[in-house]
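Per-entry structural report
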Amino acid sequence: MNIGFIGAGKVGSAFGHYLKDHAINVVGYASRTIESAVDAAKFTGTGYFNVDELMETCDYIFITTPDDVISNVWNQMKQFNLQDKKIFHMSGSLSSAIFEDIESYGAFGYSLHPLLPITDKYSYRRLDNAIFTIEGKNIASIEGFLSSSKIHFFKILEANKAKYHAAAVFASNYVVALAKISKTLLVECGIPENDTNRAIYSLMEGTICNIKEKGIEQSLTGPIVRGDTGTVKKHIEAFNNNKTACFADIYQELGKVALDIVRERESLNEEKANEILNILGGGMSEKDSCNI
Ligand SMILES: NC(=O)c1ccc[n+]([C@@H]2O[C@H](COP(=O)([O-])OP(=O)(O)OC[C@H]3O[C@@H](n4cnc5c(N)ncnc54)[C@H](OP(=O)(O)O)[C@@H]3O)[C@@H](O)[C@H]2O)c1
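These lines cover the structure that appears in this document, whether it is placed above or below. (Residues numbered from 1 in each chain as written. Predicted model: local features only at pLDDT ≥ 70, side-chain atom pairs only at ≥ 80, totals over all residues. Heavy atoms only, no water.)

In this section: the overall build of the protein. Counting secondary structure elements, the protein contains 11 helices and eight strands. Relative to the globule expectation of 19 Å for 292 residues, the C-alpha radius of gyration of the protein, 24 Å, shows a markedly less compact shape. Judged by the C-alpha coordinates and their principal axes, the protein covers about 70 × 40 × 35 Å. Within the span of the protein, comprising 292 residues, buried residues form 41% of the whole. Counted over contacts in the protein with a minimum sequence separation of 6, partners at least 24 positions apart contribute 57%. Split by element, the accessible area of the protein, about 16200 Å² in all, is 52% carbon and sulfur. Each charge class in the protein can be summarised by its mean position, and for the 29 positive and 36 negative side chains these summaries are 4 Å apart. (Helix = DSSP H or I, 4+ residues; strand = E, 2+ residues; numbered from the N terminus. Rg over C-alpha atoms; globule rule 2.2 N^0.38 Å. Buried < 20%, exposed > 50% of the residue type's maximum accessible area, 1.4 Å probe, protein only. Contact = heavy atoms within 4.5 Å. Areas by Shrake-Rupley, 256 points an atom, 1.4 Å probe, with all protein chains shown as cover. Lys, Arg positive; Asp, Glu negative; His and termini not counted. Charge placed at Lys NZ, Arg CZ, Asp CG, Glu CD.)

Here it is in structure tokens:
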């Protein structure tokens, strides 16, 4: 098995390093610019090539370009002999369908996605604990690769990729968006901006540790769990200027999700739960809640 990457950015470099660490034969990189290919090659102890050389040498090719470029790269690849090659991209939202007609070229296409924010090439250190998803036809033919590279994976259907990626956005990108809301409010309360990172991090770290140790539903604390209606009301009233007014809707919608958790835990009586739902802008009946 000879593995090559087209696209020598964060994911290509980190995943290439991870594979090398697991004794998988990574041959090297081609990229838009020679500088990136050289950097990734040095970082992973592999080589750098042009696309022609890479296609000739490798039978497992990972396209790790931005999503919008994957289909151009695929079209470029069609001029080469693709017989028996396995072509991958690593986008969370796109499926293997982007490799149009791949089977007529004698090859198979897959989307292999790590559920991990990869902020730089050093993120390879966290790939050991990441969960991957794999999607595409004839997954059986790459199971040897998946198991020797120690990838913890689940299979996913093409039809579910957008929903799956939205789940990842909630668990990662929107956590950052929520931290930004929290920072804005803390700064308005007079907390020095430089200290907000530490304040928010300790809150989030505690919550995330609880999720790991107790599970999601048991990690919810705060006024909705306690049934503190007065506090919830005051929170909404506190979003009282141009900058923070838009937080009220987010607070209320997320509050409905929190209330559903409370209902699942059966820790509040129905009258109290409906009172909170009303404050959160829902009606007085269960059907107006989030119903997750
Ligand atoms: N970052 C994440 O958290 C993350 C997580 C999971 C999956 N992914 C997926 O991984 C893929 C890569 O993302 P990334 O974050 O690694 O992006 P990135 O750091 O921006 O790297 C993309 C690389 O693609 C290269 N490239 C652009 N156009 C090209 C072309 N026409 N031909 C060859 N190479 C080209 C660029 O090369 P030059 O440097 O040479 O210009 C760049 O180094 C995407 O599909 C993304 O959805 C990302």
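Picking up after the structure, the text goes on.
Here we come to the site of the ligand. Near the ligand lie 22 residues; those nearest to it are V11, R32, T33, S36 and D67. Within the backbone of V11, an N or O atom sits 2.8 Å from an oxygen atom of the ligand. Between the ligand and T33 there is a distance of 2.7 Å, counted from an oxygen atom to a side-chain nitrogen or oxygen. Within the complex, the protein chains bury 78% of what would otherwise be the 910 Å² of accessible surface of the ligand. Mapped by element, the contributors of at least two residues to the shell around the ligand are α1 (10-21), α4 (67-77) and β6 (108-114). Class assignment for the residues of the shell around the ligand results in 10 nonpolar, nine polar and three charged. (Near = heavy atom within 4 Å. Polar contact = N/O pair within 3.5 Å; in protein donor to acceptor, adjacent residues only side chain to side chain. Nonpolar A, V, L, I, M, F, W, Y, C, P; charged D, E, K, R; others polar.)

Next up on the list: the nonpolar core. Judged by nonpolar contacts, the single largest core of 31 residues is most densely connected at F15, L19, F62, F88, L112, L127 and F145. Of all the secondary structure elements, the ones that give two or more residues to this core are β1 (3-6), α1, β2 (26-30), α2 (34-44), β4 (60-63), β6, β7 (131-136) and α5 (143-148). Considering each element in turn, this core owes the most residues, four residues, to α1. (Core = buried A, V, L, I, M, F, W, Y, C linked by side-chain atoms within 4.5 Å.)

This next bit is on the state of the cysteines. Throughout the structure, instances matching the rule amount to zero disulfides. Looking at the unpaired C246, the closest cysteine sulfur is the one in C189, lying at 16 Å. Take C246: its relative accessible area is 47%, and that puts it in the partly exposed class. (Disulfide = S-S within 2.5 Å.)

Another aspect to go through is the pattern of salt bridges. Inspection of every chain in the model, using the stated rule, returns six salt bridges. For K137, the salt bridge goes to E103, with nearest N and O atoms at 3.4 Å. With a gap of 34 residues between them, K137 in the loop between β7 and α5 and E103 in the loop between β5 (86-89) and β6 connect regions that are remote in the sequence. E103 gets classed as partly exposed once you look at its relative accessible area, which sits at 42%. A salt bridge links E253 to K256; the nearest nitrogen and oxygen atoms lie 3.2 Å apart. (Salt bridge = Lys/Arg side-chain N within 4 Å of Asp/Glu carboxyl O.)

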